[in-house]
Structures are given as C-alpha cells and as structure tokens.
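Single-letter residue listing:
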Amino acid sequence: MTSASIDKLFTIDFEVMKLFLFVMLFVSGMFSDSTQISKIDLDKDFFLLGTLDEYLGRRIREPKDVFVDAYYPHEGFVVRVLDSLFKTEYPDLKCNVEPSGHMNLYSKELAYKVNEYFGIEGEKAEKDSFTGAKLNKDVFKTDKQRYSYLAGVFLRYGTILKDDFKIRFANAGGKVEICKMLFEELKCTGVEFEHLKAIPASNTFSFTPKGKLEVYLLYAVMLRGNLAQRYEEWGSMPFVKQVK
C-alpha cells in the first residue's frame, strides 16, 4: 500500500475533529474530573455488536467463517477503534482494504464469537450458511451491555448537532428493533423514531441522552477522535493489508 493510497483511505475528517473538540469542551464543562469519560466500564463484545452493519440482516457463511464485518471507505475510524480494542485478544485480526477503499475485517475466533449472538427467529445459528440473521434479543443481561451496544451503534452511525443526538442507518430492521428495545429498557425518554420508505429505507433515532447513556455516547465520540490521532502513521499498522 502506498502512502498516497493510505492518505486517501484514512484521511482524518476535519468535521469529525471539530466535533471532537466540541465534545471535549462540553465534557470539561459537565464534569469536574473530565477523565471520568475515559474510565467507562465498556463491554467490548456488545460495543462491537453495536457497530455491525446489519443491512438486510447478518450473513452467516459457515462454521469456519472468518468474516467480522465490512466497512465503507469513510468508515476507517470504526476499524481503527475495533483494532485498538480487540487486536491483543485476537491476534489474527486482519483488515483487507480493496482498491475501491472498502474494508473487510477478518478474525476466525472473533467472527465465531459474534455469530453466536445471531440467529433466525430467535434460534442460534446452526446452518452452514444463511442470510438475514438477527441479533437475539435475549442476549442482553446487564445495563452495561445495553449502554455498550448503543455506544457502538453511535460510534458508527451517530451524529451530534448541539444537544440533538441522531442515529441513522439504512434498512437493518433487526438493529431498529434492538435499539427500540434498549431505549425502552434503559427508560430513555424523548426518543423519536422516523422510518423513511425508500430504496434503501432510512431509519433515524433522534434524542437528547442523559445520565449514563450520554456519557457512553460521548465516550464513543472521544474514541473516534483519539484513534484518528493515534494512527496518524498508517504504515506502522501490520494488520492492514491491501487487496490487489
């Protein structure tokens, strides 16, 4: 991979950095100890589940599947965050970058773990290959898992405009159901949902988070900004592999 191609694929979005600076100022005003944001008790597995692209459901390829998820060229920050969280525990974690800039994340053990959370009509996935798998609703046992999942969703699909938080993604009816369920279980009020029938269909959650949820979502935004700076030198990242 050339330096030019790396710059093209993973250039830091200045709008994201402006948002990060805004969040840091906002957080500093909210907490006397701003390090509270960086000490969140995150459930990494459920954070990862929140980031997954479930467009038309998850595809389970086979028991030996190594596919974790796919990412658009502008979603390099998601790959960077996940690498920072899982690379030590899953040393086989690899990211293939296609000439188009699209990315695929692979790890046999991590893919197996992720797929165990999915099924069709609530049953665990046992077939060799199928599409349309949905995250089983009964996997959430603690509020930490619920907050961590929503933080993962927000990392990839969230935006902030003043105090208006939005989560927007296409299709992924299963993810819509999970988000609605978690907002209700966490007793989040003032959450508005809009479904736009189009091709593809658009799903948007609008809300102003409070308490722990707000802290978890701001943590996701901070992760996005910190990792953009941390991986300034992409040439030193052995887990990135260009697909010829």
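Predicted model only: the values in this text are computed from it and were never measured.

Peer 1: Please provide a residue-by-residue account of unusual backbone geometry, values included.
Peer 2: Omega for the bond connecting I199 with P200 falls within 30 degrees of zero, at 0 degrees, which places this linkage in the cis form. Checked against the element boundaries, P200 lands in the loop between β10 (192–196) and β11 (202–207).

Peer 1: So what's going on with the nonpolar core? Residues and values would help.
Peer 2: Core analysis: the largest hydrophobic core is formed by 64 residues, its most contacted members being F47, L49, L135, F140, Y149 and I167. Considering each element in turn, this core owes the most residues, 10 residues, to helix α8 (residues 211–230). Not counting chain neighbours up to four residues away, the residues in contact with F140 comprise F46, L135, Q145, R146, Y149, I178, M181 and L182.

Peer 1: Could you give an account of helix α7 (residues 173–185), naming the residues involved and the relevant values?
Peer 2: With 13 residues, α7 ought to run about 18 Å at 1.5 Å a step, and its terminal C-alpha atoms sit 18 Å apart, in line with that. Within α7, the full set of buried residues consists of G174, K175, V176, I178, C179, M181, L182 and F183. Downstream of α7 by a residue or two, K187 has a phi angle that is positive, lying close to 60 degrees.

Peer 1: I'd like to hear about the side chain of D43, residue by residue, with values.
Peer 2: By secondary structure assignment, the location of D43 is in the loop between α2 (14–30) and α3 (44–51). With no salt bridge to any partner, buried D43 finds its closest opposite charge in K144, at an N-O distance of 5.0 Å. Within the structure, D43 has its side chain in polar contact with the backbone nitrogen of D45 (distance 3.2 Å). A polar atom in the side chain of D43 sits 3.2 Å from the backbone nitrogen of F46.

Peer 1: Could you give me a rundown of empty space enclosed by the protein, with the residues and numbers involved?
Peer 2: A full pass over the atoms with the stated rule returns 1 cavity of 30 Å³ or more. Roughly 40 Å³ of internal volume is contained in the largest cavity. If you trace the largest cavity, you find it lined by D45, L48, L110, K113, V114 and Y117. Within the residue set of the lining of the largest cavity, elements represented by two or more residues are α3 and α5 (108–115). A total of 3 residues in the lining of the largest cavity trace back to one element, the largest contributor, which is α5. For the lining of the largest cavity, the per-class residue count stands at 4 nonpolar, no polar and 2 charged.

Analysis parameters
- Residues numbered from 1 in each chain as written.
- Predicted model: local features only at pLDDT ≥ 70, side-chain atom pairs only at ≥ 80, totals over all residues.
- Heavy atoms only, no water.
- Helix = DSSP H or I, 4+ residues; strand = E, 2+ residues; numbered from the N terminus.
- Core = buried A, V, L, I, M, F, W, Y, C linked by side-chain atoms within 4.5 Å.
- Buried < 20%, exposed > 50% of the residue type's maximum accessible area, 1.4 Å probe, protein only.
- Contact = heavy atoms within 4.5 Å.
- Expected span 1.5 Å × (residues − 1).
- Lys, Arg positive; Asp, Glu negative; His and termini not counted.
- Salt bridge = Lys/Arg side-chain N within 4 Å of Asp/Glu carboxyl O.
- Polar contact = N/O pair within 3.5 Å; in protein donor to acceptor, adjacent residues only side chain to side chain.
- 1 Å grid on protein atoms, 1.4 Å probe; cavity = no way out; pocket = protein on both sides within 12 Å on 5 of 7 lines; lining within 4 Å.
- Points joined across faces, edges and corners; volume = space filled by probe spheres on them.
- Nonpolar A, V, L, I, M, F, W, Y, C, P; charged D, E, K, R; others polar.

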